[in-house]
Amino acid sequence: MLTPRSILLLLSLVVATAAWSLPVPSKATTTTTTSTALSASSNRRSFLLGTTAVATSILTRGTAPALAAVAAATPEAALKQWKDSVATIDNLYNNWDTISKGGGDAIRKELGTANFGPTASPLFQIEKAFKVLRENPDMDIVEFTEQSEEFVNALVRADTMAYSSNFAGGSGKPTPPQVYIDKAKKEVADLQRVAKSVSALL
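Reference entry: report on the structure contained in this document. (Residues numbered from 1 in each chain as written. Predicted model: local features only at pLDDT ≥ 70, side-chain atom pairs only at ≥ 80, totals over all residues. Heavy atoms only, no water.)

Here we take up the packing of aromatic side chains. In this description, an aromatic ring pair is defined by two values, namely the gap between the centres and the angle between the planes. Here the structure, examined in full by the defined rule, presents five aromatic pairs. With 5.8 Å between their ring centres and 80° between their planes, phenylalanine 130 and phenylalanine 144 make a pair best called edge-to-face. Placement of the pair is phenylalanine 130 in helix H6 (residues 126-133) and phenylalanine 144 in helix H7 (residues 141-165), with a sequence separation of 14 residues. Grouping residues by exposure puts phenylalanine 130 and phenylalanine 144 together as buried. Feature note: the residues Trp82, Phe130, Phe144 and Phe151 constitute an aromatic cluster, connected by ring pairs. Against the face of tyrosine 93 rests lysine 185, its NZ or CZ located 5.4 Å from the ring centre. (Phe/Tyr/Trp six-rings, centres within 6.5 Å; stacked < 30°, edge-to-face > 60°. Helix = DSSP H or I, 4+ residues; strand = E, 2+ residues; numbered from the N terminus. Buried < 20%, exposed > 50% of the residue type's maximum accessible area, 1.4 Å probe, protein only. Lys NZ or Arg CZ within 6 Å of the ring centre and 35° of its normal.)

Looking now at helix H8 (residues 177-200). Counted at 1.5 Å a residue, the expected span for H8 with its 24 residues is 34 Å, and the 35 Å between its end C-alpha atoms agrees. Of the positions making up H8, those classed as buried are Ile181, Ala184, Glu187, Val188, Asp190, Leu191, Gln192, Val194, Ala195 and Val198. Looking at the buried side of H8, the elements it contacts are helix H3 (75-94), helix H4 (96-100), helix H5 (104-111), H6 and H7. (Expected span 1.5 Å × (residues − 1). Contact = heavy atoms within 4.5 Å.)

On to the packing of H5 against H7, then. The packing of two helices is summarised by the inter-axis angle and the distance between the axes. Viewed as axis vectors pointing N to C, H5 and H7 meet at an angle of 160°, and their least axial separation amounts to 8 Å. Relative to H7, the element H5 lies roughly antiparallel. By crossing handedness, the relation of H5 to H7 is classed as left-handed. Mapping the contact onto sequence places Gly104, Ile107, Arg108 and Leu111 in H5 and Leu155, Ala158, Asp159, Ala162, Tyr163 and Ser165 in H7. Its residues assigned to classes, the contact of H5 with H7 comprises six nonpolar, two polar and two charged. (Axes fitted to C-alpha atoms, helices over the stretch in contact; angles between N-to-C directions. Parallel < 35°, antiparallel > 145°, perpendicular 65-115°, else oblique. Left-handed = near helix turned anticlockwise from the far one by under 90°. Nonpolar A, V, L, I, M, F, W, Y, C, P; charged D, E, K, R; others polar.)

Written out as structure tokens, the structure is:
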């Protein structure tokens, strides 16, 4: 069975192949102006960014068989999900020693990436909230997009470190699980930093 990370790698390969194998018109038939060419380049970039966002969503979705998807259908719901997410991150960092005693999955549950149980962290599918919040006409969409992407990247890094701690240890001279737990904490601290930048735009 393919894991979420395997799906991400396959999707990234498909994206790269599709994006750079588009046909190029010959000089004899093309009448494209400079502005049209720039528009096409922009569309290709938008396609890549959009597909990357989908791949990231797959990676951070985790497994929750009976859990309804968190859908931020309105600006109000999206803003509430974001504020709850910030509170969750702060609680995770401030109570790190207690939560991290439960191991990598306890951390990932707070991050909304795995082991949900009957309820999910507000960070679960946070990309949906970002998509709704971006539609605000008063939003600095360029800055918000950059900061929200940086936030998702930090979230993925924190999840990766927490996930890795589950498989550390064993025979030989392996890396102790605590090493990955400590790295996950540093990524959560970075998550806090980026979250402040995102909140300042709302």
